[in-house]
Amino acid sequence: MKFKFVPVDYDYFDFEGKNFVRLVGRTDKGVKVCVIDSYEPNFWIVLKEGCDGKADAIARKIGKISVEKASRVTKVLRTEVVKKKFLGKDVCGIRVFISNHKDAHDVASEIGDIEEIDKRREYDIPLITKYIKEKKVEPLKWYEVEGDVLDVNDFGGLGGAIDLDVCVKAEKIVKIDELDFVPKILAYDIETSDSELGKGDVLMISLYGDNFKKVLTWKKCDDVQDYVETFEDEGDMIEGFVKAVKEFDPDILTGYFSDGFDLPYIKAAAQKNKVKLSLGIDGKVPSFTRGRIPSGKIPGIVHIDLYRFIDAVFSQYLQSETLSLNEVAKELVGEKKEDFDFRKLKDMKDGDWKEFFSYNLQDSAVTYKLAQKIWPDIFEFCNIIKEPIFDITRDRMATHVENHVLHNLDRFNEIAEKRPMHNESSERKMMGKFGGADVFEPTPGFYENLVMFDFTSMHASIIVSFNISKATLCDGSGDCHKTPEFELDGNNVSYCFEKKLGFFPTLLAEVVEKRKKYKKEYSENKNAMTKARSNAYKLLANATFGYQGFFGARYYSREAAASTLAFVRKFTGDTINKIRDAGYTIIYSDTDSIAFLQNGKSKDDIMKFLEEINNDLPGIMELDLEDFYKRGLFVAKRGVKTGAKKKYALLDDKDKIKIRGFETVRRDWCKLTRGLQSEILNMILHDGDEKRALKLTKETVSKLRNREVDLGDLMIRTQLKRPLDEYLSEGPHVIAAKKMGEDGVPISVGMLIEYYIGENGGKGKLVRDRVFLPDEKALYDMDYYLNSQILPAVENIFDVFGVDIKGIVDGETQQKLF
DNA sequence: GGATACCCTTTACC
DNA sequence: ACGGGTAAAGGGTATCC
């Protein structure tokens, strides 16, 4: 048969010692189908220079190798001698086809001692990545598939096991023009009697999709909502869950933190109740891939933990201080979850259960809406990186950059570099840091009429303009780009990069070009898809510099990363000098941005000046106008007169305020402090005068002294970054977390710990001795909140206006006392 | 035993 | 284990006299 097909999920299996790829996707008629495709596993051998003549003989020798493993024998099936490139250099390659990808490493080891062999490569690339790279059957693209319908007994019964109407063995897969694909998304969420994994029961499971909402439970109560289905017990409910998923037939099953909670919890509950969680299209139960964070995989359905994608890729766009479903959903889809008081769990009445069901359904509904909102971004990442959705939603940026390179290497006839071995990446990690960008020390003050310039995608444009990469690093003998001299590990160095374009900078040039193109497309046609496309290219471009300096990268190059930064320092420094020489006063600069005073010049003059600077910039480098600002405030560091870096507030021409670095934007300061400072900055920037700000500060201080401040405004929130026993220094938040642990709250890495500082009858001098949890009753420590919160946050702002706020407040204290 | 320099830790900026 | 470096700041700890 023949049909149009879009691959959604990828998987592979062995049959008679050979690898087969299983694609699950949809036809243009919306039918879910399974396509089995063959794959010939292979890896590469790179011969030493001058050994080309012996290539055929070596290939024949290798062709006879077979490796015996416990369960199977892997044979070299055939070899091909091919002219290839490795790191941009011409090499003689031998492609070694073997019977099973799992043994690629062993076969590669087996032939390691042949003298003419320089390198063995691509045995460490995952099978699905190799398959997509070589056969170009890419996720979410459209193909015409021709093949035979699978017989029930084909592939050892696999044909019969798959619960889909159409399952074929592909004969031909041909790319066709893109058609629409709207995935069927089903969101789920569970509520449990104990938040610790596996300790309690699953009380209910909610599901939400297009025209589909259900809450499954075994808690019996009268007069429930019509979406509630009541089961006999937990096991029955889980079977009901499997049935409901099958009934909906989703492409994507999604949860929020479901890799770490919902799916493993349900799986454990299924085992406990001896029921089979057969969610897979082949009746198999979800499996969890090994790794730092386990990933829940369901055969034939893409399981997406939205939290993972948001954490790895999306969070840098968000304002949210935490990545809780509540906060993220509020920001992205404008939905606020309804609250449920979990303390009620101890003694639930019928009404409470109904409230709980509704809460549970809300979570799934919000997750569903979030998935719909983020789908364009997932889709674009799949399109650009060419990895399956499952991986796209879990990989971090370094992996995305690397996969993007891997999937494009064929265009350059390149053999892929290997992943660093453990000892190699440890060595890289141990190498000291290399010098980064410069930050200009501002003079504290209140300024008017400022301009800010910044370089567009500075690091990326430097990598492209100077062809900087591992493969193009050279000894400087030929035609090349030379970095400025800079210090590295105590020595003055300079590196050279060939002018002949390398694959890595070329790919980045394409990414930067596409980012520009799609940014324009977005500005002309604003919608979720154009925005996602533009954003994805931006993220990819920005992560590429970090990738070259990342110890785990295949194309790691410390020289490349350090050289990029040397150019960053040079061009920003030169531009600062140019602006200063033109008669402007430099106020501030950080990495790729420069702020200076207009000094009476018109905006037109400044735009002309910008154009002049741009005419002198090499390659694709570009300086851009960030904005004009009416006013700007720069303060001193605490306790000294010198200006603080990375801390300023600006007011633009549209009266919009931009605050950087101040306590206002730091989540580990209490609401009272942040609110006060933010209002003060607003008053000062808008009115240009500090008198109202002074009045507000005095009012806040007296409120604090009269104990009129709400305890909720005094909570300090700090994230727990490691397990409790790994802390060398026991700060207040560590003590707070320990207290929580004693109260029976499960403590986990990544949690936001909330506490306040209270009076403790003079016991202990340290702050940590005065830590109280939100539900602990105590008088707040007035002295602490005055001297360690409010005053430090406003002091250096008032300093700029010559107002000694501490003196004024202390003076009033004296007055009061006498 | 009190001042202080230094280390540890978190969070921000780009 | 899953970009990078630079910086401010608080609080704990070690060390000095």
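These numbers were taken from a predicted model, which means no experiment stands behind them.

(A) Just the sheet that holds strand 20 (residues 473-474), in detail. Taking strand neighbours across the sheet as the criterion, the 3 strands line up as 20-24-21 in an open arrangement whose pairing is antiparallel. Each edge of the open sheet is held by one strand with a lone partner, namely strand 20 and strand 21 (480-482). In this structure, strand 21 lies alongside strand 24 (residues 496-498), joined through 3 bridges in antiparallel fashion. In the sheet register, histidine 481 faces strand 24, and the bridge partner there is phenylalanine 497.

(B) Geometry of the protein's contact with DNA strand C. Contacts to DNA strand C come from 32 residues, most closely from Ala398, Gly436, Lys646, Lys647 and Tyr784. Put simply, 86% of the atoms of DNA strand C that lie within 4 Å of the protein are in sugar or phosphate. Contacts to DNA strand C include glycine 436, whose backbone N or O atom sits 2.7 Å from a phosphate oxygen. Separating a phosphate oxygen of DNA strand C from a side-chain N or O atom of lysine 645 is a distance of 3.0 Å. Listed by contribution, the elements that provide at least two residues to the surface near DNA strand C are helix 11 (397-406), helix 15 (528-548), strand 28 (643-652) and helix 21 (782-799).

(C) Representation of the state of the cysteines. Summed over all chains, the structure comprises 0 disulfides. Cysteine 480 takes part in no disulfide bond, and the closest cysteine sulfur to it belongs to cysteine 496, at a distance of 4.0 Å.

(D) Up close: the pairing of strand 26 (residues 593-597). The buried fraction of strand 26 is high, at 5 of 5 residues. On strand 26, burial covers both faces: Ser593, Ala595 and Leu597 on one face and Ile594 and Phe596 on the other are all buried. Pairing between strand 19 (residues 445-455) and strand 26: 5 bridges, direction antiparallel. Within strand 26, the position partnered with phenylalanine 453 by the bridge is isoleucine 594.

Conventions and cut-offs
- Counting of residues starts from 1 at the beginning of each chain's written sequence and follows it residue by residue.
- Here every chain gets a letter starting at A, and every ligand a number starting at 1, in the order they are written.
- For this predicted model, a pLDDT threshold of at least 70 governs which residues receive local features, and a threshold of 80 or more governs which side-chain atom pairs are given and counted, while totals over whole chains, interfaces and linings are taken from all residues.
- Side-chain figures throughout are based on the complete set of non-hydrogen atoms in the structure, without hydrogens or water.
- Here, a strand pair is defined by DSSP locating no fewer than two bridges between the strands.
- What counts as a helix is a DSSP run of H or I of at least four residues, what counts as a strand is a run of E of at least two, and both are numbered from the N terminus.
- The cutoff for a nearby residue is simple: one of its non-hydrogen atoms must lie within 4 Å of the molecule or strand.
- Counting of polar contacts relies on pairs of N or O atoms within 3.5 Å, with two restrictions inside protein: one atom must be capable of donating a hydrogen and the other of accepting it, and residues adjacent in sequence are counted only when both atoms are side-chain atoms.
- Disulfides are defined as cysteine sulfur pairs within 2.5 Å.
- Relative accessible area decides the class of each residue, using a 1.4 Å probe on protein chains only: under 20% of the type maximum gives buried, over 50% gives exposed, and in between gives partly exposed.

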